[in-house]
Amino acid sequence: MRQGSAAAALGALPSSLQQAMAATGGGGTLDDVAHVVIFMQENRSFDHYFGTLKGVRGFADRSLLRFPGGSDVLRQTRLGPLGGGVLMPWHLDPATTDAQRVRDLDHGWSGTHSAWNGGRYNNWIPAKSAWTMGYYTRADIPFQFALAEAFTVCDQYFCSVQGPTNPNRLYQWTGTIDPGGKQGGPVTDNSEKGYGWTTYAERLEAAGVSWRVYQQQDNYDDNPLAWFKQFQSAKPDSSLYVNGLQRRSADAFAQDVAAGTLPAVSWVVAPEKQSEHPAYPPAYGADFTAKYVLEALAAHPEVWAKTVVFLNFDENDGFFDHVAPPVPPAGTPDEFVGGAPIGLGPRVPMTVVSPWSRGGHVHSEVLDHTSPLRFLENWTGVKEPNISAWRRTVCGDLMSAFDFDSKNVSFPALPDTAALVAACDRQDGLPDATPPASAPRPVQEPGTRPSRGTGYGFDTTSWTDTATNRVWFKVVNTGTLGAGFTAYTVNYRAYGAWHYTVPCCGSASDYFSALTYGGGKYDIDLHGPDGYLRGFKGGRPHLEGRRQGPSGGGPLPRPRRAGHAAPDADQRGRRPGGVHRLRRRRDHHRRGRRQRPSDAHRRAGRLLRRQRHGRRGRRLRAPLRGPYVRLTAQPTRTGPCRGGVRADDGHSFGCLDGRPALLVCLIPSETTE
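Procedures and definitions
Residues numbered from 1 in each chain as written. Predicted model: local features only at pLDDT ≥ 70, side-chain atom pairs only at ≥ 80, totals over all residues. Heavy atoms only, no water. Salt bridge = Lys/Arg side-chain N within 4 Å of Asp/Glu carboxyl O. Helix = DSSP H or I, 4+ residues; strand = E, 2+ residues; numbered from the N terminus. Buried < 20%, exposed > 50% of the residue type's maximum accessible area, 1.4 Å probe, protein only. Pairing = 2+ DSSP bridges. Bend = angle between axes of the 7 residues up to and from the residue. Phe/Tyr/Trp six-rings, centres within 6.5 Å; stacked < 30°, edge-to-face > 60°. Lys NZ or Arg CZ within 6 Å of the ring centre and 35° of its normal. Axes fitted to C-alpha atoms, helices over the stretch in contact; angles between N-to-C directions. Contact = heavy atoms within 4.5 Å. Core = buried A, V, L, I, M, F, W, Y, C linked by side-chain atoms within 4.5 Å. Parallel < 35°, antiparallel > 145°, perpendicular 65-115°, else oblique. Left-handed = near helix turned anticlockwise from the far one by under 90°. Nonpolar A, V, L, I, M, F, W, Y, C, P; charged D, E, K, R; others polar.

Draft legend 1. Representation of the pattern of salt bridges within the structure. If you walk through the whole model with that rule in mind, you get 22 salt bridges. A salt bridge links Asp525 to Arg66; the nearest nitrogen and oxygen atoms lie 2.8 Å apart. Residue Asp525 is found in strand β19 (residues 522-527), and its partner Arg66 is found in the loop between α3 (46-50) and β2 (76-77); the two are separated by 459 residues along the sequence. Asp525 sits in the buried class, given a relative accessible area of 1%. A salt bridge links Asp98 to Arg101; the nearest nitrogen and oxygen atoms lie 2.8 Å apart. Across the pair, exposure class does not vary: Asp98 and Arg101 are buried alike. Connected via shared salt-bridge partners are Glu42, Arg169, Asp222 and Asp314.

Next up, the structure:
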C-alpha cells in the first residue's frame, strides 16, 4: 500500500484495529504463545490466488517443470497428453465479469489423480475443464494479498490428499485418513461412514490442554469431529460434545477473547457463504476472516500479543497450480490407497498470522495439513501418532515460519472488507467469466520478498556407466530437513516421472538406460523442494566409452576394473565437446539475497564427504530383497534430526534417539529401465 493511502485506510478501520496498531512489543519465544487458532477455508489453489504475488514461487518461477518438445507446465493442452490447443493461466477479471463467483470444478480423488497423471502433471484441462487455469490478481482479492504482505505466506504448502474436502480436513484434525481401513477408512471421498480412530482433539483432552471448535448453526458440514462415532455418541454435557459439536453464536469467538477464556487450541469453521468455496466469492470469506477472527483479536491486544493464527485452505477445488507436489515412492507405508498415492496434493494458500510472523515474509519449506499438528506437538508436547513417517520426513512443522526473537504486536492496516463485499455484490449482474480460446503468458508482479530460512541443502552428482550405458545420479542431503524428489525424462524417450525420498543426512541414487530407451541421448530433470532443480543432458558419444570427470570437478577416479562407473563432467559442462552437461538452477529470484549454507550445513557436508571416502564411521548392512535404492544416513553433530522413515525390511534411517543415525537401509524403488 502506498504511504499516501495508508493513512486513509487506517482511518477507515474499526477503532479496535487502530488501537492494536499502536501496540509494540519485544522479542519472544515459543513459550510465549498462549493460543493457536486454526482456520481452514475451502477450495482454492495457490496459483489461483497468489500466482501473481511478488516474491513467491508463482508464475515467474525459474524452476518450471519442463514438458517434451520445449513446452512447460504453464502451457497446458486441451487434450492433455494427446495435445490440442494450448491454454495458459488466464485472468478471472471481476471488472468485466462476475469472476468472484467462478464455478465449482471437479475436485474428487479420481479427477485430481487424473490431472496429476502419474506425476507428469499434464492433464489438468481434460480432468478439470478450462476453468482450472483461471487466476486472480491483487486488484481482485486485495484483502488476501494484504494479509500476505503484512504477515508470512507459505509458498510450498500442499494439501494432504489428491482429493476432496473431507479427507483433507481429516488430515488437519487427525493426521490420517486411515489408509489401512482399520477404523472406517480409507477416506477418499466426502462420505461420512462413522470413523473410530483417535482425533487430535481427544489427545488434547486427555492431556488436559483446553480446546474448542467454533462453528455456527451453518457450518457447511466442515467440522470433521462430527464424523466420528465417539463424538456422535457423546453426551450433551460431555466435553467432547460441548467443545467439539456444539453450535455457537456468530460472536462466540469474540466473546471468549474478550472474557479471557479463549482456549489454547481453537478450530474455526466458517458458514457456507463465507467459506470461499466456489461459487461463493473470496470477498465474503475475507469479510468473515476480518470480522470474526482478526478484529476479535485486535480488539484485545493482550490476547493478540500471544496468539498464532494459521489461515489455510483444505484443497484446491479443481484449480491449477504449477508446482508438482512431492509424492512417496511406490510401497511407502501408510501413503497409498488402491495403488495410488494419497498425496501430497496441489499447493493451497497458507498465511501465518501472528506477532512473530509480521513483515511480509515468504516461507518455502514443504508443508501440508499435518504441519499445524506438528507445530501443536512442539508447543503442547502432545504427540499425534497418526502422522505417517513419510510425512514427518518430507513435511515441516512450521517452526521456521516464525521469528521468535522478533516480536511485533502491532496490527496492520487491512482493506475494508465491507466495501469489498459491496463491490462484489454489484458485480453479480455482470456476465459469467468464460475461458478464452488462448491467453498470454501470465505476468507475476516484479520485486522480491524477505524469506524465512529453511534447512535445505543438497549435493547432486551424476556419472555414466560405460559398460551398461546407464546414466546415474545421486542426491546427498547435506541439510537438516528431509525432502521428496522427482526425476523427469523430458526428451528422447517416453515422458515419465520417478519419485524418491531423501531423509535428513541421507542420499538416494538411481539410473536411466539411455542407450536402450533414448537411442543414446538423455534429457533428465531432477526437481526437489523450494525450486531445487538439476538437469542431466547428453548424447550418444558420451555413452560409447568416453569417461568423464566428477561433477564437482577434479581428477578422474581410477577405475578398479573394466566398465567401472565413471563420474560425469563438471557441473559447468566444461568437458571437451560439451555433449554432456549438468545444468544447475535454483529458484532464488524471490529473495533479496542468495541463501548461503550455514556453518552447521557445511560441517554436515564435510562429514558426509569423509564418510564416502571411508574416513569416518561404519555401515550397518541391510538385506537386499528386490529392486532397491540405497538411502544412507550419515553421522553428524549439527543438531537434532528432523524426521525419519522406516523401510519395508524393518531397518530405520534418519533418526536414532533424536539424532541423525549412522545406518544404511534399502527401500523399494520404481524401475527406471
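Now that the structure has been shown, we can carry on.
Draft legend 2. Spatial organisation of the pairing of strand β8 (residues 265-268). Along β8, one buried face is formed by Val265 and Trp267 and the opposite face, lined by Ser266 and Val268, is buried too. As judged from the four bridges shared by strand β1 (residues 35-41) and β8, these two strands associate in the parallel manner. Each residue of the ladder has a partner; that of Val37, found in β8, is Ser266. Sheet topology places strand β7 (residues 211-214) next to β8; four bridges connect them, and they run parallel. Bridge assignment links Val213 to a residue of β8, and that residue is Trp267.

Draft legend 3. Inspection of helix α12 (residues 282-298) at higher detail. Largest kink in α12: about 35°, centred on Ala290. Within α12, 15 of the 17 residues are buried, leaving the element largely enclosed by the surrounding structure.

Draft legend 4. Seen up close, the environment of Leu481. Structurally, the position occupied by Leu481 is in the loop between β15 (470-477) and β16 (483-491). The exposure class of Leu481 is buried, given its relative accessible area of 5%. Separated by 22 residues in the primary sequence, Leu481 and Pro503 place their C-alpha atoms 7.1 Å from one another.

Draft legend 5. View of the packing of aromatic side chains. The full count for this structure, using the stated rule, is 37 aromatic pairs. Between Trp304 and Phe411 the ring centres are 4.9 Å apart and the planes differ by 65°, which places this aromatic pair in the edge-to-face class. Here the residue Trp304 occupies a position in helix α13 (residues 301-304), and Phe411 occupies one in the loop between α15 (389-394) and α16 (417-426), the gap between them amounting to 107 residues. Like Phe411, Trp304 is buried. When the ring of Phe458 is compared with that of Phe485, the centres are 4.9 Å apart and the planes differ by 90°; the resulting orientation is edge-to-face. Here Phe458 is found in strand β14 (residues 458-465), whereas its partner Phe485 is found in strand β16, with 27 residues between them in sequence. The class of Phe458 is buried, set by a relative accessible area of 11%. Over the aromatic face of Tyr511 sits the side chain of Arg470, whose NZ or CZ is 4.0 Å from the ring centroid.

Draft legend 6. The arrangement of the sheet that holds strand β13 (residues 361-363) in detail. The strand order across the open sheet formed by seven strands is β7-β8-β1-β9-β12-β6-β13, and the pairing between neighbours is mixed. Only two strands of the sheet have a single neighbouring strand rather than two, namely β7 and β13. Each strand axis lies, on average, 20° off the axis of its neighbour in the sheet, ignoring direction. Direction of pairing for strand β9 (residues 307-313) relative to strand β12 (residues 350-353): antiparallel, over a ladder of four bridges. Directly across from Val309, in β12, lies its bridge partner Val353. Sheet strands touched by α12: β1, β7, β8, β9 and β12. Its angle to β1, the strand with the most contacts, is close to 175°.

Draft legend 7. Main features of the nonpolar core. Counting residues in each nonpolar core, the largest one holds 98 residues, and the members touching the most others are Val36, Trp211, Trp267, Phe310, Leu398 and Phe402. For this core, the element with the highest residue contribution is helix α14 (residues 370-380), accounting for four residues. Beyond its immediate stretch of four places on either side in the chain, Phe310 contacts Val36, Val37, Ile38, Phe39, Met350, Thr351, Val352, Pro372, Phe375, Leu398 and Phe402. Judged by nonpolar contacts, the second largest core, of 32 residues, contains Phe143, Leu294, Phe411 and Leu414.

Draft legend 8. The arrangement of the side chain of His361 in detail. Relative to the elements of secondary structure, His361 occurs in strand β13. Excluding residues within four positions of it along the chain, His361 makes contact with Phe151, Thr152, Val153, Arg449, Pro450, Ser451 and Arg452.

Draft legend 9. Representation of the packing of helix α11 (residues 252-259) against α12. Across the interface, α11 lies against α12 with an axial gap of 9 Å and an inter-helix angle of 15°. Here α11 lies roughly parallel to α12, going by the angle between them. In terms of crossing hand, the pair formed by α11 and α12 is right-handed. Packed against α11, whose contacting residues are Phe253, Ala254 and Val257, the element α12 presents Tyr292, Val293, Ala296 and Leu297 at the interface. Across the contact of α11 with α12, the residue classes break down as seven nonpolar, no polar and no charged.

Draft legend 10. How the structure looks around the environment of Gly260. Of note, Gly260 is situated in the loop between α11 and β8. Distance from Gly260 to Val303, taken between C-alpha atoms, is 7.8 Å for residues 43 residues apart in sequence.

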